[in-house]
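# Residue-level structure breakdown
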Amino acid sequence: MMKKMSIPTSKTSLVLFLCQIISALEVPLDSKLLEELSQPPTITQQSPKDYIVDPRENIVIQCEAKGKPPPSFSWTRNGTHFDIDKDAQVTMKPNSGTLVINIMNGGKAEAYEGVYQCTARNERGAAISNNIVIRPSRSPLWTKEKLEPNHVREGDSLVLHCRPPVGLPPPIIFWMDNAFQRLPQSERVSQGLNGDLYFSNVQPEDTREDYICYARFNHTQTIQQKQPISVKVFSTKPVTERQPVLLTPTGSTSTKVELRGNVLLLECIAAGLPTPVIRWIKEGGELPANRTFFENFKKTLKIIDVSEADSGNYKCTARNTLGSVHHVISVTVKAAPYWITAPRNLVLSPGEDGTLICRANGNPKPSISWLANGVPIAIAPEDPSRKVDGDTIIFSHVQERSSAVYQCNASNEYGYLLANAFVNVLAEPPRILTPANKLYQVIADSPALLDCAYFGSPKPEIEWFKGVKGSILRGNEYVFHDNGTLEIPVAQKNSAGTYTCVARNELGKIQNEVHLEIKDPTMIIKQPEYKVIQRYGQASFECIIKHDSTLLPTVTWLKDNDELPDDERFLVGKDNLTIMNVTDKDDGTYTCIVNTTLDSVSASAVLTVVAAPPTPAIIYARPNPPFDLELTGQLERSVELSWIPGDENNSPITNFVIEYEDALHEPGVWHYQTEVPGTQTTVQLKLSPYVNYSFRVIAVNKIGRSQPSEPSEQYLTKSASPDENPANVQGIGSEPDNLVITWEPLKGFQSNGPGLQYKVSWRQKDVDDEWTSVIVANVSKYIVSGTPTFVPYEVKVQALNDLGYAPEPSEVIGHSGEDLPMVAPGNVQVHVINSTLAKVHWDPVPLKTVRGHLQGYKVYYWKVQSLSRRSRRHVEKKILTFRGNKTFGMLPGLEPYSSYKLNVRVVNGKGEGPASPDKVFKTPEGVPSSPSFLKITNPTLDSLTLEWGSPTHPNGVLTSYTLKFQPINNTHELGPLVEIRIPANESSLILKNLNYSTRYKFYFNAQTSVGSGSQITEEAVTIMDEVQPLYPRIRNVTTAAAETYANISWEYEGPDHANFYVEYGVAGSKEDWKKEIVNGSRSFFVLKGLTPGTAYKVRVGAEGLSGFRSAEDVFETGPAMASRQVDIATQGWFIGLMCAVALLILILLIVCFIRRNKGGKYPVKEKEDAHADPEIQPMKEDDGTFGEYSDAEDHKPLKKGSRTPSDRTVKKEDSDDSLVDYGEGVNGQFNEDGSFIGQYSGKKEKEPAEGNESSEAPSPVNAMNSFV
């Protein structure tokens, strides 16, 4: 026995009450109106919940709010009142709640750590901010430790631990060497998520003493350096290969908890030789498409924007040729609270009802609590119009004293959400916001929309009148929108005039007049026409227009949908376009576009330019017609035809076509008989009885067909009974009580004789009945009357003539006439599948009631109204036809969050049956379309203003907007992503605390309760200097040239991290510029391989800055000189050889020989070795990751300055490329390898061979910028 369920009385009344709630008022965004209306406070801007501040700078805690009257502000700190008047270091900005804590003048950031909350209050209520946790950033020093060298056998694994100091926020870790070059990483060597450096197997080239871990603290803009780690790899032969072993994580399983919306990072790093390859899978499922990324040579699995569906077991497998090992990570996705429906502001009239709904989800499920004006609602002053029911507050019969700000708090162990929503009870007489006497102009036969924007509380009723004393407008010729707009769907000339809008409620009445003018449409009465013009001729296109006399038209000509070429040959007149001396490039489509302020029309024509006719050549033409046609061998059913071909005119005849004329039945009409190859001049033709034949022949070649030959003599065949019966016999009723029998009559020559008639026979099928027959003349149909409705008949038609009957015909099945179906489909049901698709079911009608061929069912459906806009529009019914005996169908393309009606009708060959009763159904909410626009304005040093438009298709009730943004550096790499939730009633936002001179990418979308819509993206840049932005430039390009080399230097002003290149070429040459990439971001470069005695042009550019280059500079290489000869006597092999020879000769001769060689040339190569090629010197990376770095001994951050030793010399192993290495100015000379050789002559002879670099100019290391 079923158990009967009962609903409590209180719950029943609640459900009934919710069904009767009146929708809240919408307040138009009219600035003047908003200034006059009282409004509770609304928090418009606040600092983030977790606010990490720079301890060296003033702390600014934002709290901005709006309201009428303007709100006052107060703060709590750690739950108690914060009296800012008692703290000299704390001030509040005027007309704002934003706090400024002065740290730069003696205050300490640590003293102001805590939890802050702002309250904005006026006479209508109080709004509160989130709890803002203030914490100063920290960048502690590295703990001193003694690091022992790592001695590792070749092929073994190794882990170099970084263990950075714990900072706030955590630092960014990277490994570099003593030359500040990033250590190369690969599948074998890579950095883990914890910052350690992992070697799957070490190789001899891994031996080095400068493995240095760096920690970069972004908030304090400093970099800490760990002491260098030494690794020495010793070799053992042979090297033992090993199967994979996981270095991290350890064991076979582990767990990971991540929050919804975050980035999930899973890591597996393995040791082994050969180097293992990592593969990832999700057990029992697939890795999410479009959100899964592999990083660190597939050792890291990255899944962005995780959700609960991403929970599960993730398995990583490390494999090499010797085996494999795997690890399973069990991932659980929890969720901080997120909005399903955030409470929205209510504007009500006295006596009205409304609700505040606060729905959130999370894992675990968040708890919901309410506050009124910042006070828990349980202890807040009572309001008899208010009733709290879980996540809903119900208001009934509100009064002006019911105005307040309510806070909804949704929280779980992972976080909380706080939303303010006010209830504003207003009693306002009607106001019309549309300007008085506004003039509207529309084109005849177009829609006219006359605005009457209004506001009042209670909501006013709107009426429209035409003329001063006109009656109220009603009827189908007008559409009245909920926003007060009057729509005239098809405006005619007589629609012009003055219209009056009247708004009234119980507090008053107001009216406004607008004026409508109807204009004649613009037309092109003579359009441009297609032209074929010979080259160098003249083309002219006309475009004559007719327009309203009060509108000023503009005529524009386009070529191929683009502007006309800037060419004096194109002459644009008042109503024509003329092209003089046309060329092949003038080919194309020319369009005349006529624009007025109200409409636009266009017309196009094609211009084809052709060449002049070629010189006459061999003439190829169609053949001449055959002649001398002759008939022979005449029989009753055949005859032979022969002919003589005509001239083929330089193109061989491919075939002959034979046609015949029946002078007895169709005189003057020629029919196709047959065709034969061009080599054949006779043919045997088949004939029909009782036809008076004549024949003619047509010759065909590649050029075309000849004229027909003269007809042959006539030949009349004998009569016979018909050989065949009529084709396409059908029996179809045209009325419910008849049967129309039709057939295709025989052609004249098919009659085979005179007196052609037809015997028509019929009988009802499946009934024991005799054939009924009638003989009719040579017609094509016969109507049988008095038949039952839609019953089957057997039908046949037989031909006969004076000589007899044709063979017995075959029978066909026909039906008497159909009638309209009698009943409508029953039991119509609609199942809404999603927001745009529904499935409709119905019961089939009995076949007897169809009374005809069942062709299918038609579903009529139409939209009644949108549930979000509450606006009715012109009903446009849509029809879907489902063929056959289907009893269901899908209704696609529905609009989300709308009310629809439908009915179903059965269809036969006669038409449609009655409609089923209208069925009403509603589509649920969907995701909205993208916001209509996103503009970014007012860039400053640290802020940008964002403005946006609501989605064109909200597809439901908008709950909020989501803004995500991230910085983009010069190499187009994306920085961390910041996400902000914005209430749905906002249309602008000021983003502050941004980095100066930084490009940001913004992603913006809207949400309904269903989810997020498609996003719109935009990019913008904060400025570098509020007085004048710094635009990048390269200047003072100078050159120092030798025979085949030139040293190029320049000065650069602009953003850091520019990557330079040098372009050069022979001066005065039209050849393309040659391009050389500069290694790093230095400001000099050596061009090699130049031709002696040649003038060159050179310029410098920066990668990533489109079109940004320096001015050109011109230099000339020196004249060609004799090749520098190497003295064989200074070569080691020669000295050795001479020593060997010296053993065989006298000692005296050896001594003399050695003395002679000591007078040889200066050993150049030793000098050159002291100056390494600038192209292979280690340079700073372009990413600009550091500028301050720590000394390995005292662990203190290095500041700006030089790394040159105190004796002002640069040792060979420490020097970087410098112009000093190559001499000064243009007087220096260069060796073939680019080294400077001026130091080897004259004054340089007394200087030592090494360490002689100039101390007057610093090396590039000295010029390295600090990271500020």
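Each remark here, short or long, concerns the structure printed above.
Below, the structure is looked at part by part. (Residues numbered from 1 in each chain as written. Predicted model: local features only at pLDDT ≥ 70, side-chain atom pairs only at ≥ 80, totals over all residues. Heavy atoms only, no water.)

Next up on the list: the sheet that holds strand E82 (residues 978–983). Sheet strands associate in pairs through backbone hydrogen bonding, adopting either a parallel or an antiparallel arrangement. Across the sheet, four strands lie side by side as E82-E81-E84-E85; this open sheet has antiparallel pairing. What marks the edges here is a single partner per strand, and that holds for E82 and strand E85 (1016–1021). Shown here is a sheet whose adjacent strand axes are inclined to one another by a mean of 25°, direction ignored. Sheet topology note: the strand E81 (residues 960–968)/strand E84 (residues 999–1007) ladder contains nine bridges and is antiparallel. Residue pairing across strands places Ile 968 opposite Arg 999, the latter belonging to E84. (Pairing = 2+ DSSP bridges. Helix = DSSP H or I, 4+ residues; strand = E, 2+ residues; numbered from the N terminus. Axes fitted to C-alpha atoms, helices over the stretch in contact; angles between N-to-C directions.)

The subject of this paragraph is the packing of aromatic side chains. According to the stated counting rule, one finds 23 aromatic pairs in the structure shown. Over the face of the ring belonging to Tyr 338 we find Arg 260, whose NZ or CZ atom lies 3.5 Å from the ring centre. Of note, Lys 877 hangs over the ring of Trp 862, and the distance from its end group to the ring centre comes to 4.3 Å. (Phe/Tyr/Trp six-rings, centres within 6.5 Å; stacked < 30°, edge-to-face > 60°. Lys NZ or Arg CZ within 6 Å of the ring centre and 35° of its normal.)

The next thing to look at is the side chain of Glu 258. Within the secondary structure, Glu 258 is located in strand E21 (residues 253–259). One buried charge, Glu 258, has no salt-bridge partner; the nearest side chain with opposite charge is Lys 256, at 4.3 Å. One polar contact links Glu 258 to Asn 262, side chain to side chain, over a distance of 3.2 Å. What Glu 258 contacts, discounting residues up to four positions off in sequence, is Val 263, Leu 264, Val 306, Thr 332, Val 333 and Lys 334. (Buried < 20%, exposed > 50% of the residue type's maximum accessible area, 1.4 Å probe, protein only. Lys, Arg positive; Asp, Glu negative; His and termini not counted. Salt bridge = Lys/Arg side-chain N within 4 Å of Asp/Glu carboxyl O. Polar contact = N/O pair within 3.5 Å; in protein donor to acceptor, adjacent residues only side chain to side chain. Contact = heavy atoms within 4.5 Å.)

Here we come to the side chain of Asn 655. Position of Asn 655 relative to the elements: it lies in strand E59 (residues 653–662). Residue Asn 655 is classed as buried on the basis of its relative accessible area, which comes to 16%. Side chain to side chain, Asn 655 and Thr 654 meet in a polar contact 2.8 Å long. A polar atom in the side chain of Asn 655 sits 3.1 Å from the side chain of Glu 675. Every residue in contact with Asn 655, bar those within four places of it in the chain, is listed here: Glu 675, Val 676, Pro 677, Gly 678, Ile 698, Ala 699 and Val 700.

Okay, a nonpolar patch on the surface next. On the surface, a nonpolar cluster with roughly 880 Å² of combined accessible area is contributed by Leu 1137, Val 1141, Leu 1143, Leu 1144, Ile 1145, Leu 1146, Leu 1148 and Leu 1149. Listed by contribution, the elements that provide at least two residues to the nonpolar patch are helix H4 (1132–1142) and helix H5 (1147–1158). Checked against the element boundaries, Leu 1143 lands in the loop between H4 and H5. (Patch = residues over 30% accessible without salt bridge, like charges linked within 9 Å, V, L, I, M, F, W, Y side chains within 5 Å. Areas by Shrake-Rupley, 256 points an atom, 1.4 Å probe, with all protein chains shown as cover.)

Ranked by size, the top nonpolar core spans 30 residues in total, and within it Ile 59, Ile 61, Trp 75, Ile 101, Tyr 116 and Ile 134 carry the most contacts. Secondary structure elements with two or more residues in this core: strand E2 (50–53), strand E3 (59–61), strand E4 (63–68), strand E5 (72–77), strand E8 (99–101), strand E9 (114–122) and strand E11 (132–136). For this core, the element with the most residues is E9, which contributes three residues. The contact partners of Ile 61, leaving out residues within four places of it in the chain, are Ser 47, Tyr 51, Trp 75, Gly 97, Thr 98, Leu 99, Ile 101, Tyr 116, Ile 132 and Ile 134. Judged by nonpolar contacts, the second largest core, of 23 residues, contains Leu 346, Leu 348, Cys 358 and Trp 370. (Core = buried A, V, L, I, M, F, W, Y, C linked by side-chain atoms within 4.5 Å.)

Attention now goes to the pairing of E59. E59 sits mainly inside the fold: nine of its ten residues count as buried. Examined bridge by bridge, E59 and strand E62 (residues 692–701) share nine bridges and lie antiparallel to one another. Bridge assignment links Glu 661 to a residue of E62, and that residue is Ser 694. From the end of E59 to the start of strand E60 (residues 666–677), which pair antiparallel, there are three residues.

To continue, consider the environment of Arg 279. With respect to the helices, strands and loops of the structure, Arg 279 is situated in strand E24 (residues 277–282). Between the C-alpha atom of Arg 279 and that of Ala 318, which follows or precedes it by 39 residues, the distance is 6.6 Å. If near-sequence neighbours (up to four positions away) are discounted, Arg 279 is found in contact with Lys 298, Lys 315, Cys 316 and Thr 317.

Turning our eyes to something else, we now look at the sheet that holds strand E54 (residues 576–579). One open sheet holds the three strands; their spatial order is E49-E54-E53, and the pairing between them is antiparallel. Of all the strands in the sheet, just strand E49 (539–542) and strand E53 (570–572) have a single pairing partner and so form its edges. Sheet twist, expressed as the average angle between the axes of neighbouring strands with direction ignored, equals 15°. Here three bridges tie E53 to E54, and the two strands are oriented antiparallel to one another. When the bridges of E54 are listed, Val 572 appears paired with Leu 577.

Moving on to the pattern of salt bridges. Per the counting criterion, the structure on display carries 34 salt bridges. The residue Asp 50 makes a salt bridge to Arg 135 at a minimum N-O spacing of 2.9 Å. In this pair, Asp 50 is assigned in strand E2 and Arg 135 in strand E11, connecting sequence segments 85 residues apart. Residue Asp 50 is classed as partly exposed on the basis of its relative accessible area, which comes to 44%. One salt bridge in this structure joins Arg 359 and Asp 391, with 3.4 Å as the shortest N-O distance. Placement of the pair is Arg 359 in strand E31 (residues 359–363) and Asp 391 in the loop between strand E34 (386–389) and strand E35 (392–395), with a sequence separation of 32 residues. Judged by its relative accessible area of 24%, Asp 391 falls in the partly exposed class. Linked by salt bridges that have partners in common, Asp 177, Arg 208 and Asp 210 make up one network.

The subject of this paragraph is the state of the cysteines. What the rule picks out here adds up to six disulfides. The residue that forms a disulfide with Cys 63 is Cys 118, at a sulfur-sulfur distance of 2.0 Å. Taking the torsion about the sulfur-sulfur bond, which here is approximately -70°, the covalent link between Cys 63 and Cys 118 counts as left-handed. Of the two residues, Cys 63 is situated in strand E4 and Cys 118 in strand E9; the sequence distance between them amounts to 55 residues. By relative accessible area, Cys 118 is classed as buried at 0%. Here Cys 543 engages in a disulfide with Cys 592; their sulfurs sit 1.9 Å apart. Residues Cys 543 and Cys 592 share a disulfide whose torsion about the S-S bond is about -65°; that sign makes it left-handed. With Cys 543 in the loop between E49 and strand E50 (544–546) and Cys 592 in strand E55 (residues 588–595), this residue pair connects regions lying 49 residues apart in the sequence. Sequential numbering of the bridged cysteines in the protein chain gives the disulfide pattern 1-2, 3-4, 5-6, 7-8, 9-10, 11-12. (Disulfide = S-S within 2.5 Å.)

As a further point, take the environment of Leu 247. In this structure, Leu 247 sits in strand E20 (residues 242–248). Using a relative accessible area of 21% as the deciding quantity, one classes Leu 247 as partly exposed. It is 9.4 Å that separates the C-alpha atoms of Leu 247 and Phe 199, two residues lying 48 residues apart in sequence. Once residues lying within four places of it in the same chain are set aside, the contact partners of Leu 247 are Ser 157, Val 159, Tyr 198, Phe 199, Ile 269, Ala 270 and Ala 271.

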